[in-house]
Amino acid sequence: MSSIIATDTNRSRASRMLAGFGRLMQQNRHVIQRIQWTVVLFYAVLIIVPAVHPLPPHSAHIWDNVTLFAQFLFWGIWWPFVLLSMVLLGRVWCGVFCPEGTISEWASKHGRHGAIPRWVRWGGWPFVAFVGTTVYGQMLSVYQYPKATLLILGGSTVGALIVGYLYGRNVRVWCRYLCPVNGVFGLLSKLAPVSFRTDPQQWQASRARGERPEAVNCPTLLPLKDLQSASNCHSCGRCQGHRDAIDLRFRAPGSEVVHESRYRATAGELILITFGLCGIAVGAFHWSASPWLIEAKQWIALWLIDADWMWPLQTHAPWWIFTNYPGQNDVFNLLDGTLLLAYIGTTGLVLGSVLTGLLFAARRSLAPASHGALYHLAHALIPIAGCGVFLGLSALTVSMLRAEHVPLFWVGSVRAVLLGSTALWSLGLFWQISGKYNDHAVRRCLGTGFGALAIAVVVWAWWLLFWGW
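In this text the structure is predicted, and so the values were computed from the model without any measurement.

Enquirer: What's the story with a nonpolar patch on the surface in this structure? I'm lost.
Expert: Taken together, the side chains of Trp-37, Trp-106, Val-158, Leu-161 and Ile-162 present a nonpolar region at the surface, about 470 Å² in accessible area. Among the elements that line the nonpolar patch, the one with the most residues is helix H7 (residues 146-166), at 3 residues. Note that Trp-37 resides in helix H2 (residues 29-48). Judged by relative accessible area, which is 38%, Trp-37 ranks as partly exposed.

Given below as structure tokens:
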């Protein structure tokens, strides 16, 4: 009994400390703003300075070449661990550090304050923006060339600035609706063990007492009285303590997926998970190492030569359409670019269709579950989907470190552990979600079994990249 009391006391102490951190954020907005503009400056240096420098020679190293150093910091460290931070801390990155969010909110404060149009609120933007930037980035070899980085990320930043200037008042319209990674971050943050949440009873008690506290300017336009999801909350801390009902709180990792997603999951999120994170993203990381693509290219090239159709092999596009760096012996002809797009598109279509079919089978096995169950079940794939994208992004980190002869004998084991543990996490989520719709043991096991097959498909896709080829 004493051990139980001690455990409860420790949990209560940890909860108070976490809420205290939330209050610290709420009371020190000026410090956060300084951090934000410091990150903006750092971000600008990382994407602009390498773009105006010549490409590094083959003998250059991370520590003696500004372009390689910036590439390693930005693509090797920054982006993979921003993804990881979503799972560990929720969207603190968005609320405290993100340069685009800072710029967009600043522009909104000083802009024309227009009403947000319907096209901006369209629910398909998370998928379209993610796929568009992912595919375009591969067309330009964005991880290798600083001009491509400046074009894609700089273009996104300009978009954030323009949208911020046009719409809203001191808010982040770009971040809420149009940011290319908003949908991905929203999904991953559902897994986080901490989030700002509203206690409905405390909120109602405050209302009953007639309290009228100063309104909170939520940058992502959330209805604070119903704040139960971390998906669109940027964890900026501004609402901490509002009506004595909102606090930064602990929760079981993935609990939002099990409970809240039952009422909040959407068809758009299902498509983003299956066709986006588990489809297009896999193809984007696969194509450069795929022996299937190499064989297809050789076969088509020979056929074109035999037919005396040389123009697809001799036609090149500017670097801002397809990779074109003759000095680096890296030039895409029309055939290269077409096959790249075909490979990524086919991979996304095939994997997305297979996964959607397995999720549909899982839903049917839980009959008479509704269509909402299909969207809810898709959320069980978030851990394995997020892990795959993290491993894909960190592959550049590994490649650059290997080029510097850093011993990385442990990488394969770590990748296997991460894939295995997140696969088990997803499997556990399938089991819990299935129980929400049917408590019959056979049907629940059947639904989870189809979920296990979906997980196996995702694991197989990443196994091919790291071990199968």
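Enquirer: Can you help me understand the environment of Ala-317 in this one?
Expert: Summarising the element assignment, Ala-317 is placed in the loop between helix H15 (311-314) and strand E3 (324-325). Classification of Ala-317 as buried rests on a relative accessible area of 17%. Aside from chain neighbours lying at most four places away, what touches Ala-317 is Phe-322, Asn-324 and Phe-332.

Enquirer: Quick question: what am I supposed to make of empty space enclosed by the protein here?
Expert: In this approach a probe as big as a water molecule rolls over the atoms, and the regions it shows empty are the leftover space. Considering all chains together, one arrives at 3 cavities of 30 Å³ or more under this definition. Considered as a void within the structure, the largest cavity measures approximately 660 Å³ in volume. Taken together, 38 residues line the largest cavity, and the ones lying closest to its centre are Trp-79, Thr-133, Leu-153, Pro-180 and Val-181. Each residue belonging to the lining of the largest cavity can be placed in one class, and the counts come to 28 nonpolar, 7 polar and 3 charged.

Enquirer: Please clarify how the packing of aromatic side chains should be interpreted in this entry.
Expert: The relation between two aromatic rings is expressed through the spacing of the ring centres and the mutual angle of the planes. Using the criterion set out here, one finds 19 aromatic pairs in the structure. Measuring from centroid to centroid gives 5.3 Å for Trp-122 and Trp-125, while their planes differ by 85 degrees, and the two rings are edge-to-face. Given the relative accessible area of 46%, Trp-122 is considered partly exposed. Given the relative accessible area of 24%, Trp-125 is considered partly exposed.

Enquirer: Is there a simple way to think about the packing of helix H16 (residues 334-365) against helix H20 (residues 441-468) in this case?
Expert: Between two packed helices, both the angle of their axes relative to each other and the distance between the axes serve to describe the pair. Here H16 crosses H20 at 170 degrees, and the two axes come no closer than 7 Å. Taken together, the axes of H16 and H20 lie roughly antiparallel to each other. Here Leu-351, Val-354, Leu-355, Leu-358, Ala-361, Ala-362, Arg-364 and Ser-365 of H16 come into contact with H20, specifically with Arg-443, Leu-446, Gly-447, Phe-450, Leu-453, Ala-454, Val-457, Val-458 and Ala-461. Taken together, the residues of the contact of H16 with H20 break down into 13 nonpolar, 2 polar and 2 charged.

Enquirer: Would you explain the nonpolar core in this entry?
Expert: Generally speaking, a soluble globular protein has its nonpolar side chains buried in company with each other. The biggest cluster of nonpolar side chains holds 110 residues, and the ones touching the most others in it are Phe-74 and Phe-185. Residues Met-25, Ile-32, Cys-218 and Leu-248 belong to the second largest nonpolar core, which totals 16 residues.

Enquirer: What is the right way to look at the pattern of salt bridges in this model?
Expert: Should their charged atoms come close, side chains of opposite charge can pair. A full pass over the atoms with the stated rule returns 8 salt bridges. The closest approach of N and O atoms between Arg-172 and Glu-105, which form a salt bridge, is 2.9 Å. Taken together, the residues span a long stretch of sequence, with Arg-172 in the loop between H7 and helix H8 (173-178) and Glu-105 in helix H5 (residues 99-110) at a distance of 67 residues. Of the charged contacts, one joins Arg-238 and Glu-105 as a salt bridge, the two residues approaching to 2.9 Å between their closest N and O atoms.

Enquirer: Can you help me understand the layout of surface pockets in this one?
Expert: In this structure, the largest pocket occupies an estimated 690 Å³ of space. Lining the largest pocket are 29 residues, with Arg-176, Ser-231, Asn-232, Thr-266 and Glu-269 positioned closest to its centre. Within the residue set of the lining of the largest pocket, elements represented by two or more residues are helix H6 (125-140), H8, helix H9 (182-188) and helix H13 (267-286). Grouping the constituent residues of the lining of the largest pocket by class yields 11 nonpolar, 11 polar and 7 charged.

Enquirer: Would you mind showing me how to read the confidence of the model for the chain here?
Expert: Do not read the predicted coordinates in detail wherever pLDDT is low. Mean pLDDT over the chain works out to 94, with 97% of the residues at or above the 70 mark. At the level of individual helices and strands, the chain shows its lowest average pLDDT in helix H1 (residues 2-27), which scores 73, and its highest in H9, which scores 98. Scored below 50 in pLDDT, residues 2-8 makes 0 contacts in the model with residues more than four places away or belonging to other chains.

Enquirer: Sorry if this is basic, but what is going on with H5 here?
Expert: Residues lying three or four places apart along an α-helix face the same way, a consequence of the helix completing one turn every 3.6 residues. Helix length check: H5 (12 residues) gives 17 Å between terminal C-alpha atoms against 16 Å at 1.5 Å per residue, within 8%. Three or more residues of H5 are buried, namely Pro-99, Glu-100, Gly-101, Thr-102, Ile-103, Ser-104, Glu-105, Ala-107 and Ser-108. Considering only its buried residues, H5 is in contact with H2, helix H3 (66-89), helix H4 (92-97), H7 and H8.

Reading the values: the criteria
- Residues numbered from 1 in each chain as written.
- Predicted model: local features only at pLDDT ≥ 70, side-chain atom pairs only at ≥ 80, totals over all residues.
- Heavy atoms only, no water.
- Patch = residues over 30% accessible without salt bridge, like charges linked within 9 Å, V, L, I, M, F, W, Y side chains within 5 Å.
- Areas by Shrake-Rupley, 256 points an atom, 1.4 Å probe, with all protein chains shown as cover.
- Salt bridge = Lys/Arg side-chain N within 4 Å of Asp/Glu carboxyl O.
- Helix = DSSP H or I, 4+ residues; strand = E, 2+ residues; numbered from the N terminus.
- Buried < 20%, exposed > 50% of the residue type's maximum accessible area, 1.4 Å probe, protein only.
- Contact = heavy atoms within 4.5 Å.
- 1 Å grid on protein atoms, 1.4 Å probe; cavity = no way out; pocket = protein on both sides within 12 Å on 5 of 7 lines; lining within 4 Å.
- Points joined across faces, edges and corners; volume = space filled by probe spheres on them.
- Nonpolar A, V, L, I, M, F, W, Y, C, P; charged D, E, K, R; others polar.
- Phe/Tyr/Trp six-rings, centres within 6.5 Å; stacked < 30°, edge-to-face > 60°.
- Axes fitted to C-alpha atoms, helices over the stretch in contact; angles between N-to-C directions.
- Parallel < 35°, antiparallel > 145°, perpendicular 65-115°, else oblique.
- Core = buried A, V, L, I, M, F, W, Y, C linked by side-chain atoms within 4.5 Å.
- pLDDT = per-residue confidence, 0-100.
- Expected span 1.5 Å × (residues − 1).

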